[in-house]
Amino acid sequence: MSEVSLVVNGRKVSGAVEDRTLLVHFLREHLGLTGTHVGCDTSQCGACVVHVDGKATKSCTMLAIQASGSTVTTIEGLANGADLHPVQAAFKEHHGLQCGFCTPGMIMTATDMIRRHPEGLDETTVRAELEGNICRCTGYHNIVKAILAASKTMSKASKSKAKKAA
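As the structure is a computational prediction, the values presented were derived from the model and not from experiment.

> In this structure, what is going on with the side chain of S59? I would like to understand it.
Mapped onto the elements, S59 comes out in the loop between β4 (55–58) and β5 (71–73). The contact partners of S59, leaving out residues within four places of it in the chain, are L22, L23, V24, T36, C48 and V50.

> Could you clarify how one ought to interpret the domain arrangement of the protein chain in this entry?
Many structure descriptions define interface size as the accessible area lost when the parts assemble. Domain boundaries assigned for the protein chain yield domain 1 (2–77) and domain 2 (86–160). A separation of 22 Å is found between the C-alpha centroids of domain 1 and domain 2. With 18 residues of domain 1 at the interface, the matching set in domain 2 holds 14 residues. Summing both sides of the interface, domain 1 and domain 2 together bury roughly 1,200 Å²; the carbon and sulfur share of this comes to 61%. At the boundary of domain 1 and domain 2, one finds zero salt bridges.

> Can you help me understand the sheet that holds β4 in this one?
Pairing between sheet strands relies on hydrogen bonds along the backbone, with the strands arranged either parallel or antiparallel. With mixed pairing, the five strands of this open sheet are ordered in space as β2-β1-β5-β3-β4. Among the strands making up the open sheet, the edge pair consists of β2 (11–17) and β4. On average, adjacent strands in this sheet sit at an angle of 40° to one another, irrespective of strand direction. Across seven bridges, the pairing between strand β1 (residues 2–8) and β2 is antiparallel. Of the residues in β2, the one forming a bridge with V4 is G15. Of the strands in this sheet, β1, β2, β3 (49–52) and β5 touch helix α1 (residues 23–30), which is tilted by about 105° from β2.

> Can you walk me through the nonpolar core in this structure?
Generally speaking, soluble globular proteins have nonpolar side chains that are buried together. Counting 23 residues, the largest nonpolar core has V87, F91, M106, V126, L130, I143 and I147 as the members making the most contacts within it. Of all the elements in the fold, those that place two or more residues in this core are α2 (86–93), α3 (103–116) and α5 (141–165). Residues within four places of V126 in sequence aside, it is in contact with M113, L121, V144, I147 and L148. The next biggest cluster of nonpolar side chains, apart from the first, holds 16 residues, and it includes V13, V50, V52 and A67.

> Is there a simple way to think about the side chain of H94 in this case?
With respect to the helices, strands and loops of the structure, H94 is situated in the loop between α2 and α3. For H94, a relative accessible area of 18% puts it in the buried group. In contact with H94, other than residues within four places in its own chain, are N142, K145, A146 and A149.

> Would you explain unusual backbone geometry in this entry?
Most peptide bonds take the trans form, and the phi angle of most residues other than glycine is negative. In this model, H95 sits at a positive phi of 55°, which is unusual for a non-glycine residue. Tracing the backbone shows H95 in the loop between α2 and α3.

> Help me out: how do you make sense of the pattern of salt bridges in this one?
As a working rule, side chains carrying opposite charge can pair if their charged atoms are close by. Under the defined criterion, the tally for this structure stands at five salt bridges. When the shortest N-O distance is used, the salt bridge between D112 and R116 registers 3.0 Å. In this pair, D112 and R116 both sit in helix α3, four residues apart, roughly one turn of the helix. Given the relative accessible area of 38%, R116 is considered partly exposed.

> Explain the environment of S14 here, please?
If you trace the backbone, S14 turns up in strand β2. Expressed as a C-alpha distance, the spacing of S14 and H95, which sit 81 residues apart in the sequence, is 37 Å. Not counting residues up to four positions away in its chain, the partners in contact with S14 are E3, V4 and S5.

Scoring rules and cut-offs
- In this convention, every chain numbers its residues from 1, walking through the sequence in written order.
- Local features are withheld for residues below a pLDDT of 70 in this predicted model, meaning they are given only at 70 or higher, and side-chain atom pairs are given and counted only at 80 or more; totals for whole chains, interfaces and linings count all residues.
- In computing side-chain values, all of the structure's heavy atoms are included and hydrogens and water are not.
- We count a stretch as a helix when DSSP gives it H or I for four or more residues in a row; a strand needs E for two or more, and each element gets its number in order from the N terminus.
- The contact rule is simple, with two residues in contact once any of their heavy atoms fall within 4.5 Å.
- Marked domain ranges trace back to an automatic or database domain assignment.
- Accessible area that two parts lose when put together, evaluated with a 1.4 Å probe and summed over both, is termed the buried area.
- The working definition used for a salt bridge is a side-chain nitrogen of Lys or Arg within 4 Å of a carboxyl oxygen of Asp or Glu.
- At least two bridges found by DSSP between two strands is the condition for calling them paired.
- Axes here refer to lines fitted to C-alpha atoms; in helices the fit is confined to the stretch in contact. Angles between the N-to-C directions go from 0 to 180 degrees.
- Buried residues of nine kinds, namely Ala, Val, Leu, Ile, Met, Phe, Trp, Tyr and Cys, make up a nonpolar core once their side-chain atoms join them within 4.5 Å.
- Categorising residues by exposure relies on relative accessible area from a 1.4 Å probe, with only protein chains included: less than 20% of the type maximum marks a residue as buried, more than 50% marks it as exposed, and the intermediate range marks it as partly exposed.

As structure tokens, then:
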């Protein structure tokens with residue numbers, strides 16, 4: 001058994017885990033954060049995406065002990081209280097989900113994608129960057145639409161903050 005200590009959704013957590021415990025299982029089984037899904041266990045589907053130190057990471061490919069000392073954000077930590085994160089709001093507004101199984105991973109991937117492209121996104125880039133996320137229900141059209149809308153909203157907000165700071 002190993003001791004794992006990290007910050008999850010702004011809260012310091014720790015626990016004893018078997019050395020082979022995956023981060024996704026630590027989040028779900030030890031912390032009760034079930035928004036992060038286990039879809040394939042082979043890193044193909046993206047249902048398990050969380051942010052580790054600000055970067056989108058498939059939590060089924062990382063041991064919990066590897067995340068020790070890191071800051072992890074899950075889908076449960078994205079919203080600000082009752083206020084949805086702009087990506088969550090865009091998925092809701094543009095019907096970017098059907099059954100919802102892939103949605104947490106899609107949203108976490110999209111949030112990181114938008115962070116890395118603050119100037120905005122285009123459809124080709126979004127579709128290419130979603131390659132590691134699988135949705136079995138949709139044709140991705142509304143997911144892409146939601147990500148583009150969130151990117152536009154967040155880009156405007158970022159430019160507005162920059163103008164006020166100047």
